[in-house]
Every structure is written in C-alpha cells, then in structure tokens.
Amino acid sequence: MSLPPLPDALDTLESLVIAEFDAYAVLRYGNAGLRRLLSDQDTGAWQLFAAPMLDRVTLPATGTCICFEGLITVNGPGNRVSSLRGRIDADAHRLRVIAGYELDDILSATDTLMALNAALVATQRELARSEATVRRLSLTDPLTGVANRQALDTHTIETLTHCEETDTPVWLILVDIDHFKQLNDRWGHDAGDMALTAVATALDSHCRDGDFVARFGGAEFVILPPALSRQAVAVYAERLRKLVAALELPPLDRISTSFGIARRRPGDTGRALFARADAALYRAKAQGRNCVVFADAAAPTHPWRPA
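Residues numbered from 1 in each chain as written. Predicted model: local features only at pLDDT ≥ 70, side-chain atom pairs only at ≥ 80, totals over all residues. Heavy atoms only, no water.

### Brief notes about the layout of surface pockets
Size it by volume and the largest pocket reaches roughly 250 Å³. Arg149, Leu152, Asp153, Thr156, Leu172, Phe216, Val222, Gly270, Arg271 and Phe274 together form the lining of the largest pocket. Those elements that place two or more of their residues in the lining of the largest pocket are helix 4 (149-166) and helix 8 (270-286). Residue contributions to the lining of the largest pocket peak at 4 residues, all from helix 4. Partitioning the lining of the largest pocket into residue classes produces 5 nonpolar, 2 polar and 3 charged. For the second largest pocket, the calculated volume is near 170 Å³. Lining the second largest pocket are Asp178, His179, Gln182, Leu183, Arg186, Trp187, Leu252, Asp253, Arg254, Ile255 and Ser256. (1 Å grid on protein atoms, 1.4 Å probe; cavity = no way out; pocket = protein on both sides within 12 Å on 5 of 7 lines; lining within 4 Å. Points joined across faces, edges and corners; volume = space filled by probe spheres on them. Helix = DSSP H or I, 4+ residues; strand = E, 2+ residues; numbered from the N terminus. Nonpolar A, V, L, I, M, F, W, Y, C, P; charged D, E, K, R; others polar.)

### Describing the packing of aromatic side chains
One pass over the full model with this rule turns up 4 aromatic pairs. Residues Phe21 and Trp46 carry aromatic rings whose centres are separated by 5.2 Å and whose planes lie at 80 degrees to one another, so their mutual orientation is edge-to-face. With Phe21 in strand 1 (residues 16-22) and Trp46 in helix 2 (residues 45-48), this residue pair connects regions lying 25 residues apart in the sequence. Per residue, the accessibility class of Phe21 equals that of Trp46, and both read buried. Measuring from ring centre to ring centre gives 5.7 Å for Trp171 and Phe294, while their planes differ by 85 degrees; the resulting arrangement is edge-to-face. Taken as a pair, Trp171 in strand 7 (residues 171-177) and Phe294 in strand 11 (residues 292-294) lie far apart in primary sequence, 123 residues in all. Grouping residues by exposure puts Trp171 and Phe294 together as buried. (Phe/Tyr/Trp six-rings, centres within 6.5 Å; stacked < 30°, edge-to-face > 60°. Buried < 20%, exposed > 50% of the residue type's maximum accessible area, 1.4 Å probe, protein only.)

### Focus: the pairing of strand 2 (residues 27-30)
Here 3 bridges tie strand 1 to strand 2, and the two strands are oriented antiparallel to one another. Bridge assignment links Phe21 to a residue of strand 2, and that residue is Leu27. (Pairing = 2+ DSSP bridges.)

### Describing the sheet that holds strand 1
Within a beta sheet, neighbouring strands are joined by backbone hydrogen bonds and run either parallel or antiparallel to one another. Strand order in the open sheet formed by 6 strands is 2-1-6-5-4-3, with antiparallel pairing between adjacent strands. The outermost strands of the open sheet, each flanked by one partner alone, are strand 2 and strand 3 (49-51). Along the sheet, successive strands turn relative to each other by an average axial angle of 30 degrees, direction set aside. Across 2 bridges, the pairing between strand 3 and strand 4 (residues 65-75) is antiparallel. Across the sheet, Phe49 pairs through a bridge with Val74, a residue of strand 4. (Axes fitted to C-alpha atoms, helices over the stretch in contact; angles between N-to-C directions.)

### What about the sheet that holds strand 11?
With respect to topology, 5 strands assemble into an open sheet ordered 8-9-7-10-11, the strand pairing being mixed. Each edge of the sheet is formed by a strand with only one pairing partner; in this case those strands are strand 8 (212-217) and strand 11. Averaged over all pairs of adjacent strands, the angle between their axes in this sheet comes to 20 degrees, without regard to strand direction. As paired elements, strand 10 (residues 257-263) and strand 11 share 3 bridges and run parallel to each other. Opposite Gly260, over in strand 11, you have Val293 as the bridge partner. Where helix 7 (residues 230-245) meets the sheet, it contacts strand 7, strand 9 (220-224), strand 10 and strand 11, and its direction lies at approximately 165 degrees from that of strand 10. Sheet contacts for helix 8: strand 7, strand 8, strand 9, strand 10 and strand 11; angle to strand 10, the most-contacted strand, approximately 145 degrees. (Contact = heavy atoms within 4.5 Å.)

### What to know about the pattern of salt bridges
Here the structure, examined in full by the defined rule, presents 19 salt bridges. For Arg215, the salt bridge is made with Asp141, and the minimal N-O distance between the two is 3.4 Å. Pair noted here: Arg215 is in strand 8 and Asp141 is in the loop between helix 3 (103-138) and helix 4, with a separation of 74 residues, a long-range link. No difference in accessibility class separates Arg215 from Asp141, as the two residues are buried. (Salt bridge = Lys/Arg side-chain N within 4 Å of Asp/Glu carboxyl O.)

Structure representation (structure tokens):
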C-alpha cells in the first residue's frame, strides 16, 4: 500500500505547501506554494522544514503512516519564518508534506486589522466632529449663542453675491437695544448680559428659516432676510419689535429696541448696505426709539444718534 496520487488541481495553489521527497531526500514534487518559498533562496527543499525536521522522519517498511500532524514551521523567503498547519505522510518510498498557512494566525491578523480600521474610522469621525465644533464655536457669539461678527461678514458677502446674480431682494435689519448703557449702569452687567441673551433668543427663534441673525457688537444685532417685499419686511420687523417689547425680564423694566432697515442696491458692498441701515437706526433713535425706520424714508433735518 502506498500514498494516493495528488489531484492536479493542487499544483497551482499558493495557500498550500505540498512537497514529496524520495527516500534519499530528493524533491520529486513541489506545488506553487512550495515553489514560492524556494523562489529567492538557495536552501534546499528539505531544509525548508525547520520543525519537525524531515531528516528525523523514518519511512515505514510497509504500508503508509502519518508521521506528524500539527504545526509545521517553514523557513520562508527573506529569513521569514511561517507557521503552517498540516501533516506529514509517508510510505516505504516517499515522504509527503501537505500544509496550509496557519488559519488561526490569519484570522487573528484579520480581526486585528479590522479592529484597527474601526478605531481609525472612529478617530477620524471624532476629529471631524471636533473640527466642526471648533469651527462652529469660532463663528458663534459666546454670550448670546447667535452668529458673531466674523460669521456675519462672511454671510453678508455670500448673500450679496448670490442676490446680485439672481436679482433677489435682500434687506439688512439693524437692531439696537434702547438705553442699554443706562440699563447696565442701573442693574449691572449681569442684567445687561441677560437682556442681550433674551433679545438674541427672541430674534433668532422668531425669524424665518434661512434668515441670518448675528450679534454685530455691543447691544446691536443684524438680521439678513432675503426675498421679501418692503411691506413684508415692515411687518416682519414690527412683529419682532413688539415681541421684544413684551419680554418680561425681572427685575428689569421692560426693554425696547430700535430698528434701522436698508435694501440692497445693485453693486452694493456690505459696508455700504450697513451704513444705510445704520443711518436709519440713527433716525429711529431720534424719533423716540422703539420704532422701525427705513433708510429710504424721509430723514429729519438734523439726524442725531442718542446712546
């Protein structure tokens, strides 16, 4: 009885190492997996197998036997040592080694790689969230939570460019808390901060989707509501003015706001649009505060701007 012949299909497999030696340790057959190990070294095929060492295997006098079964250590190219799982069979004339690269190691390496990839993806997502948070905070007024001056400048440029291209009307509404200095002097800066936050929240929460609200500085806020008619802007601003006037902020007295409104003109810069809204706000203050004034309305003879 002798070892059965090997199927031809095994010849091209590189995931298996198959070698047959005669009784004199001469290689009689090696498949693609073995040839790959021999490709760049002068080591004989017999010496490839480091453990168990093939020269210690005794061929049976008759019949066949399994000489070894388990992990087989192979000296691979570049002094790399590989661990394979397989067996060594023998008959009276041949010794056959059939081994595959250690499946447990492959699975372990794959699991480790997948875990590292998952950790990398999680880290990248966390970095993206952190970057988004930092960017959001850099564009947000820390006291009131609405957009800050930097965000306002950027948004104004983008809005004016878009409206210039699409010929869409856009308005700039400048809002200022009346008598804010007196409020601070009487009630303290904490009360002033409370008033600023309350006004910002009221403006932001009652604007339309797509409208932009920002704190310009001090007690001034800017609203950019595109695509409204003059009448609609007047109603819109008046509603916001009444909303602020109805706020209850004990121990403060009722607070009020003045509104100055200007419409974009062809070729307008943000500075020019703001200057006209600011002039309208001057006039709202001159007319007694707590009112809405348009930049193109008739101006008083001697405009002034109270604190």
